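Tertiary structure, described
What follows is the residue order along each chain.
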Amino acid sequence: MGVKKKINNQLIYLLAFILCVSFTNKETLKGTWEFGGGIYNGKKEGGPSEYTLQRKYNNQHYEAFLIEKDTKPEKYEAGDYTLKGDTCIETETYSSQPSKLTGIPVAYLYTVHNDTLTLKATLPSGMRVEEYWKRAK
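These remarks concern the structure in this document. Please read these numbers as outputs of a predicted model, since none were measured by experiment. (Residues numbered from 1 in each chain as written. Predicted model: local features only at pLDDT ≥ 70, side-chain atom pairs only at ≥ 80, totals over all residues. Heavy atoms only, no water.)

1. Thoughts on the overall build of the protein
Counted only if it meets this: Where helices and strands are cited, they refer to DSSP runs of H or I of at least four residues and of E of at least two residues respectively, numbered from the N terminus. Only protein chains enter the accessibility calculation, which uses a 1.4 Å probe; a residue is then buried when its area is under 20% of its type maximum, exposed when over 50%, and partly exposed in between. Any two residues having at least one pair of non-hydrogen atoms within 4.5 Å are treated as being in contact. Note that accessible areas follow from Shrake-Rupley with a 1.4 Å probe, and for residues the cover is restricted to the protein chains shown.
A tally of helices and strands in the protein yields 1 helix and 9 strands. Taken from N to C terminus, the helices and strands of the protein fall in the order α-β-β-β-β-β-β-β-β-β. Classification of the 137 residues of the protein by burial places 26% in the buried group. Pairs at least 24 residues apart make up 35% of the contacts formed inside the protein by residues separated by at least 6 positions. If you sum the accessible surface of the protein, you get close to 9600 Å²; carbon and sulfur atoms cover 56% of it.

Right under this line is the structure:
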């Protein structure tokens, strides 16, 4: 085999590797994310303007807060999560309001593109959700 053909084969393998890696999601959602809006059963809704919804992820858990100006952040939800391929499985372990999701794993298709986390799922109630969370600076 000639040197030119070996180099071409190596380039093909390198490009295939780069292509595969570019579509791989991160192994963690670690960081702080702010809600930017979503689509619920086909109806688009913007993010709130009077307050901020924020999620803080570490390697295995998350906490969600409602933040209003000049007040202490209020934790409204917490839970565990795992990432498997393009799926984020969240299990709510705490809710400040009555919730039918506590203890029930919900599988979201997730993507992280630039600084936006997108979560898509059909909830156990049948509601289809697609939420957009921006990485907090």
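There's plenty left to go through after this.
2. Things to note about the layout of surface pockets
Inclusion rule: A 1.4 Å probe that fits but cannot get out identifies a cavity on a 1 Å grid over protein atoms alone, an open set with protein on both sides within 12 Å along at least five of seven lines counts as a pocket, and a residue lines either if it has an atom within 4 Å of a point. Grid points are joined across faces, edges and corners, and a volume is the space filled by probe spheres set on the points. Each residue gets one label: Ala, Val, Leu, Ile, Met, Phe, Trp, Tyr, Cys and Pro are nonpolar, Asp, Glu, Lys and Arg are charged, and the others, such as Gly, are polar.
Here the largest pocket is characterised by a volume of approximately 670 Å³. Arg55, Tyr76, Glu77, Leu101 and Glu131 are the residues nearest the centre of the largest pocket, which is lined by 28 residues in total. Ranked by residue count, the leading element in the lining of the largest pocket is strand β6 (residues 87-95), at 4 residues. When grouped by side-chain class, the residues that make up the lining of the largest pocket number 16 nonpolar, 5 polar and 7 charged.

3. A short note on the nonpolar core
As a reminder of what qualifies: Grouping buried Ala, Val, Leu, Ile, Met, Phe, Trp, Tyr and Cys residues that are joined through side-chain atoms within 4.5 Å yields what is termed a nonpolar core.
One finds Leu29, Tyr57, Tyr108 and Leu117 to be the most contacted residues of the largest nonpolar core, which totals 19 residues. Those elements giving two or more residues to this core turn out to be β1 (31-40), β3 (52-57), β5 (74-84), β7 (105-113), β8 (116-122) and β9 (128-135). Dropping the residues within four chain positions of it, Tyr57 is found in contact with Leu29, Lys30, Gly31, Trp33, Tyr62, Tyr81, Glu90, Leu117 and Leu119.

4. Here's the deal with the pairing of β1
Rules: Being paired, for any two strands, means DSSP has found at least two bridges between them.
In this structure, β1 lies alongside β3, joined through 4 bridges in antiparallel fashion. Residue pairing for β3: Thr32 is matched across the bridge by Lys56. The pairing of β1 with β9 spans 7 bridges and is antiparallel. Its bridge partner being in β9, Gly37 is matched across the sheet by Tyr132. Following β1, the chain reverses through 2 residues before pairing antiparallel with strand β2 (residues 43-46); Asn41 in that reversal takes a positive phi of roughly 50 degrees.

5. Description of the environment of Thr102
Formally: Whenever a nitrogen or oxygen atom comes within 3.5 Å of another N or O atom, the pair is scored as a polar contact, on the condition that within protein one atom can donate a hydrogen and the other can accept it, and that pairs from neighbouring residues in sequence are kept only if both atoms are in side chains.
Relative to the helices and strands, Thr102 resides in the loop between β6 and β7. With 23 residues separating them along the chain, Thr102 and Gly79 place their C-alpha atoms 8.7 Å apart. Separated by 2.6 Å, the side chains of Thr102 and Glu92 make a polar contact.

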